[in-house]
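# Architecture and fold: a report
Read off the chains here:
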Amino acid sequence: MAKKCALCFFFVFLFFALPLGAEPKITFEINKISEHRLLVHYAWRVNVLSDKTWDGCTLKISFRDKAGKEIYSIQKVIKLGLGQNEFNGTDICGLEIWKRVDKRVVTLDCVF
């Protein structure tokens, strides 16, 4: 009986000690470069810490209004290596959209 309990505790320990399918950790920043009469030019930088390599991931930067509704987004297909990965770029959106943005959300969808 004691051996069964010890074996059960061992498997429970392994389950919690080993991350199964751990998600990559994402940090990001988005900064306005310039503002024109109708457009905003902005820069984005995303850092992804991954515990394994991924051949194809979709990186999505979503701009949401106060109600949480997506009002603008950009998507990039990226490849992740083991460890720290950095991606950056610039884009343009309408001034009215930029003014309505309440929250920025970055998601990563790694399928294959």
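Quick note: structure is the one above.
Residues numbered from 1 in each chain as written. Predicted model: local features only at pLDDT ≥ 70, side-chain atom pairs only at ≥ 80, totals over all residues. Heavy atoms only, no water.

### So, the side chain of Ser62
For Ser62, the position within the fold is in strand β3 (residues 54-64). The contacts of Ser62, once residues within four sequence positions are left out, are Glu70, Tyr72, Ser73, Lys103, Arg104 and Val105. (Helix = DSSP H or I, 4+ residues; strand = E, 2+ residues; numbered from the N terminus. Contact = heavy atoms within 4.5 Å.)

### With respect to the packing of aromatic side chains
What the rule picks out here adds up to 4 aromatic pairs. On the basis of an interplanar angle of 50° and a centroid distance of 5.8 Å, the ring pair of Phe63 and Tyr72 is categorised as tilted. Each residue in the set Tyr42, Phe63, Tyr72 and Trp98 is aromatic and connected to the rest through ring pairs, giving one cluster. Positioned above the aromatic ring of Trp98, the side-chain terminus of Arg104 is 4.9 Å from the ring centre. (Phe/Tyr/Trp six-rings, centres within 6.5 Å; stacked < 30°, edge-to-face > 60°. Lys NZ or Arg CZ within 6 Å of the ring centre and 35° of its normal.)

### Remarks on the sheet that holds strand β2 (residues 39-50)
The sheet built from 3 strands is open, its strands ordered β1-β2-β5 with antiparallel pairing. The outermost strands of the open sheet, each flanked by one partner alone, are β1 (25-35) and β5 (83-94). The sheet shows a mean angle of 15° between the axes of neighbouring strands, direction not considered. One ladder, built from 12 bridges, connects β2 with β5; its direction is antiparallel. Residue Tyr42 lies in a different strand from β5, and its bridge partner there is Asp91. (Pairing = 2+ DSSP bridges. Axes fitted to C-alpha atoms, helices over the stretch in contact; angles between N-to-C directions.)

### Overview of the pattern of salt bridges
All chains considered together, the criterion is met by 5 salt bridges. As a salt-bridge pair, Glu86 and Arg45 come within 2.6 Å of each other at their nearest N and O atoms. Residue Glu86 is found in strand β5, and its partner Arg45 is found in strand β2; the two are separated by 41 residues along the sequence. Since its relative accessible area comes to 34%, Arg45 is described here as partly exposed. When the shortest N-O distance is used, the salt bridge between Lys60 and Glu70 registers 3.1 Å. Placement of the pair is Lys60 in strand β3 and Glu70 in strand β4 (residues 70-80), with a sequence separation of 10 residues. Judged by its relative accessible area of 23%, Lys60 falls in the partly exposed class. (Salt bridge = Lys/Arg side-chain N within 4 Å of Asp/Glu carboxyl O. Buried < 20%, exposed > 50% of the residue type's maximum accessible area, 1.4 Å probe, protein only.)

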